[in-house]
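Chain and residue survey
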Amino acid sequence: MGRILQAVRDGRLGKGDVLLVEDLSRLSRLEILDGLETVLLPLIRSGLVIVTLEDNARLEQDTLNSDAGALIGFVYKAQAAAHYAAKLKRYGLKHREQNRKQILEGQAVCPGWAPEWLTLNGDRWEFSPYAVTVKRLLEILWTEGSGRASQILNSEGHLSPKGLAWSQANVLRLIKNPAIWGARQIAAADYTSKEIAWRKTRSEWVKAGSRGDPPAKPQRSYSVVPETFPALLSKADYDRLWAVIERRRKSPKEKGRRDQIRYIGQGQTRCICGALASVRAADSRGSKAIRREMRLAESRGDEKRAAELKEDLAKAPRHSYLSCRGKELKTTDCTRMPIRLEPVTANLLVRLKGEHLQTLVGNSQSNVEHKATALRTREQLLQNQLTGDEKQLKNATEALKERVKAGRATAIFEDAWEESKAAVDATQQEIAEVRAELANVSSPSATSALDELVRDLLKTFSRGESNSEQRRGVNKLIQQLDIQITLDTGLQRLGISIGDGAVDWQPINKRLDTAALRALIFDSTSVAVELDPATLDELKRLLPSVGEGLVDPSVIFERLGVDVGDQHGLLDIES
């Protein structure tokens, strides 16, 4: 119908064209004057001929202008169509009101209003086959954001509720449905009429020149009936999941493409100036030379050579650096230079292991225990508040049900129910956030999990084979343990701490740290010492073949006759 009206406005339909309809009510069910003004008269004035198949009547401009009887019959039919629409609307509203009453009483009705993962079997709700997809989505959302979750579902062949590919909007829309925890959501009556009235008011506002504030669009209001459907998650687990989602949304540490993590300390590393340090990729020297030559070939018009160089450039290595965001954005006066990512990662990996990590956690244990106690106290206070809120909600629900059953006005009672429900939801959300924060407090289990992940990553990193999944796992546990990393590229050192605890600094030595990884020397500590020229010359005399400058000091101790037992390490006498 909309396309026909637009074709009339564009002049693509007119004299000689015929529009066949069952009866006039199929064209318009608006109020008589609105229907004539917006639909019926524009169609006829265009020269279009309307034929109603119900009585074979022929409506056209010339006939209506010359035959008063035809005009009166036309207006009568339009009015009858409007009356029929009004009657149909009253019937529909009455039927839906009855449905709402049944739902509030807990009856299993209206399967068409239920979400896709539920089906009605007799008088009992059951999971449909689509519940498998929703369960998979909920499983993913514990660790991934909504955008990444949609990508995973698409890659695994899951379709959205409408049978299309998943998008972030699909995910967010679905997980807001209280049917996940077993509650049924039902919209308040006759929102459509309010929206139609708003559209009419807005149209008048636009025609008047859009002066003043635009008319506010009416908002849908809902009632939620708990314990109606079989639940995919308990209410407590659903609240905890939402707390995790909200924390990801609000925290800058959690935002971005976490599937593309290139650095295990992402979001937890700061420059010594206090600004965040982030990873940046840059061309190697060879890549820069290839790029220059490619531009010259393009300027000469040598397309073949330019294409060859473009392929070489794609294969050329790129280096990753950690740089100060404060310096990049000019929000601080930092002058420190970027540093290659590999030595920083190597230094960090060997320090997130075993006794060293346990010492850091132990040093901050008193702060952790104090924080945990405060969180538990806050949780108890909120639980007491929730008990009162739920009691008030129960009373409001009972009062609303009684009014609905009695067929009396419910507006005030619905407002009271909405306020009580909002108070319960807000308190439950706050409790979930406190529990999520409490779960993030450092614990031996988290430390052990990090130790195991780091041990696996050390081996693959030493071979240059680490992947995003491994880095992401370590990064999540670093955040959970609240490990803070401080980078001082001026003095070439890296500090780590737990929360606001004391910073443990160690020097960064690219050759030494990388070689230690390759030699699988874990749980190591780097020590910087200054040697006088005479001692340095003596070391070089004892080790005439230094090679790359990295040697096993046990060779020196052996020549000096010193027993160091099973200890071993590496010495960089060049720096």
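Everything discussed here concerns the structure shown above.
Cut-offs applied
- Residues numbered from 1 in each chain as written.
- Predicted model: local features only at pLDDT ≥ 70, side-chain atom pairs only at ≥ 80, totals over all residues.
- Heavy atoms only, no water.
- Helix = DSSP H or I, 4+ residues; strand = E, 2+ residues; numbered from the N terminus.
- Pairing = 2+ DSSP bridges.
- Axes fitted to C-alpha atoms, helices over the stretch in contact; angles between N-to-C directions.
- Patch = residues over 30% accessible without salt bridge, like charges linked within 9 Å, V, L, I, M, F, W, Y side chains within 5 Å.
- Areas by Shrake-Rupley, 256 points an atom, 1.4 Å probe, with all protein chains shown as cover.
- Salt bridge = Lys/Arg side-chain N within 4 Å of Asp/Glu carboxyl O.
- Buried < 20%, exposed > 50% of the residue type's maximum accessible area, 1.4 Å probe, protein only.
- Parallel < 35°, antiparallel > 145°, perpendicular 65-115°, else oblique.
- Contact = heavy atoms within 4.5 Å.
- Nonpolar A, V, L, I, M, F, W, Y, C, P; charged D, E, K, R; others polar.
- Lys, Arg positive; Asp, Glu negative; His and termini not counted.
- Charge placed at Lys NZ, Arg CZ, Asp CG, Glu CD.
- Core = buried A, V, L, I, M, F, W, Y, C linked by side-chain atoms within 4.5 Å.
- Right-handed = clockwise from strand over helix to strand, strands pointing away.
- Phe/Tyr/Trp six-rings, centres within 6.5 Å; stacked < 30°, edge-to-face > 60°.
- Left-handed = near helix turned anticlockwise from the far one by under 90°.
- Expected span 1.5 Å × (residues − 1).
- Arc of directions from axis to C-beta.

1. Remarks on the environment of Ala307
Tracing the backbone through its elements, the reader meets Ala307 in helix 11 (residues 303-315). For the pair Ala307 and Ala297, spaced ten residues apart in the sequence, the C-alpha separation amounts to 9.2 Å.

2. A look at the sheet that holds strand 1 (residues 18-21)
On the basis of which strands lie adjacent, the open sheet formed by three strands has the order 1-2-3 and mixed pairing. Looking at strand neighbours, the two that pair on one side only are strand 1 and strand 3 (57-59), the edges of this open sheet. Direction aside, the axes of adjacent strands within the sheet are offset by 20° on average. With four bridges connecting them, strand 1 and strand 2 (residues 49-52) associate as parallel partners. By the bridge assignment for strand 2, Val21 is matched with Thr52.

3. Topic: a nonpolar patch on the surface
Taken together, the side chains of Val18, Leu20 and Leu53 present a nonpolar region at the surface, about 290 Å² in accessible area. Structurally, Val18 is set in strand 1. The class of Val18 is partly exposed, set by a relative accessible area of 46%.

4. Considerations on the environment of Ile412
Here Ile412 lies in helix 16 (residues 411-439). The exposed category is assigned to Ile412, whose relative accessible area is 68%. For the pair Ile412 and Leu400, spaced twelve residues apart in sequence, the C-alpha to C-alpha distance is 9.2 Å.

5. Brief notes about the packing of helix 6 (residues 146-155) against helix 7 (residues 168-175)
Running from amino to carboxyl end, helix 6 crosses helix 7 at an angle of 105°, the nearest separation of the two axes being 8 Å. Taken together, the axes of helix 6 and helix 7 are roughly perpendicular relative to one another. For the pair formed by helix 6 and helix 7, the contact residues are Ser146, Gly147 and Ser150 on the first element and Gln168, Val171 and Leu172 on the second. When the residues that make up the contact of helix 6 with helix 7 are grouped by side-chain class, the tally is two nonpolar, four polar and no charged.

6. A few points about the pattern of salt bridges
A complete count under the given rule lists 16 salt bridges for this structure. Measuring nitrogen to oxygen at the nearest pair gives 3.2 Å for the salt bridge that ties Glu328 to Arg325. Of this pair, Glu328 and Arg325 are both found in helix 12 (residues 325-329), three residues apart, which corresponds to roughly one turn of the helix. Of the residues examined, Glu328 reaches a relative accessible area of 34% and is grouped as partly exposed. Residues participating in the shared-partner salt-bridge network are Arg136, Glu139 and Glu156.

7. Concerning a negative patch on the surface
Taken together, the side chains of Glu97, Glu414, Asp415 and Glu419 present a region of like negative charge at the surface. A total of three residues in the negative patch trace back to one element, the largest contributor, which is helix 16. In this fold, Asp415 is placed in helix 16.

8. Quick look at the nonpolar core
Counting 40 residues, the largest nonpolar core has Trp117, Leu137, Leu138, Leu174, Ile175 and Ile180 as its most contacted members. Elements with a minimum of two residues in this core: helix 5 (131-141), helix 6, helix 7, helix 9 (235-250), helix 15 (365-406) and helix 16. In terms of nonpolar packing, the next biggest core, distinct from the first, is built from 20 residues, Leu322, Val344, Ile483 and Leu487 among them.

9. Details of the pairing of strand 2
Consecutive residues of a regular strand have side chains that alternate between opposite faces of the sheet. Of the two faces of strand 2, the one holding Val49 and Val51 and the one holding Ile50 and Thr52 are both buried throughout. The parallel pair strand 1 and strand 2, bridged by helix 2 (residues 32-45), forms a crossover whose chirality is right-handed. Between strand 2 and strand 3, which follow one another and run antiparallel, lie four residues, and Asn56 among them has a positive phi close to 55°.

10. What to know about the pairing of strand 12 (residues 483-488)
Where burial is concerned, most of strand 12 is hidden: five out of the six residues are buried. Note that strand 8 (residues 269-271) and strand 12 share three bridges and pair parallel. Across the sheet, Cys271 pairs through a bridge with Leu487, a residue of strand 12. Where strand 12 meets strand 13 (residues 493-498), six bridges bridge the pair, whose relative direction is antiparallel. Note that in strand 13 the partner of Thr486 across the bridge is Gly495. In this structure, the hairpin formed by strand 12 and strand 13 is closed by a connection of four residues, where Gln492 is found at a positive phi of approximately 50°.

11. As for the sheet that holds strand 12
Strand order in the open sheet formed by four strands is 8-12-13-14, and the pairing between neighbours is mixed. The open sheet terminates on both sides in strands that have one partner only, identified here as strand 8 and strand 14 (504-507). Between one strand and the next, the sheet's axes are offset by a mean angle of 25°, whatever the strand orientation. In this fold helix 13 (residues 341-351) packs onto strand 12, strand 13 and strand 14, with an angle of close to 40° to the strand it touches most, strand 13.

12. Some thoughts on the packing of aromatic side chains
Geometrically, a pair of aromatic rings is defined through the distance of the ring centres and the angle of the planes. Tallying each qualifying case throughout the model produces one aromatic pair. Judged by centre distance (5.0 Å) and plane angle (90°), the rings of Trp125 and Phe229 are edge-to-face. Here Trp125, found in strand 5 (residues 124-127), pairs with Phe229, found in the loop between strand 7 (222-225) and helix 9; they are 104 residues apart in sequence, far enough to count as distant. According to the relative accessible area criterion, Phe229 is buried, its value standing at 7%.

13. A short note on the packing of helix 1 (residues 2-9) against helix 2
Between helix 1 and helix 2, the least distance of the axes is 10 Å, while the angle of their chain directions is 50°. Classified by the interaxial angle, the pair formed by helix 1 and helix 2 is oblique. Every pair of crossing elements has a handedness; the one defined by helix 1 and helix 2 is left-handed. For the pair helix 1 and helix 2, the contacting residues are Ile4, Leu5 and Val8 in the first and Thr38, Val39, Pro42 and Leu43 in the second. Classifying every residue of the contact of helix 1 with helix 2 by side-chain character gives six nonpolar, one polar and no charged.

14. As for helix 11
Helix length check: helix 11 (13 residues) gives 19 Å between terminal C-alpha atoms against 18 Å at 1.5 Å per residue, within 8%. Those residues of helix 11 lying buried are Ala306, Leu309 and Leu313. In a view along the axis of helix 11, the buried residues occupy a sector of 65°, so they form one face of it. Every exposed residue of helix 11 that faces more than 90 degrees away from the buried side is listed here: Lys304, Glu311, Ala314 and Lys315.

Purely geometric stuff here, so don't read any function into it on its own.
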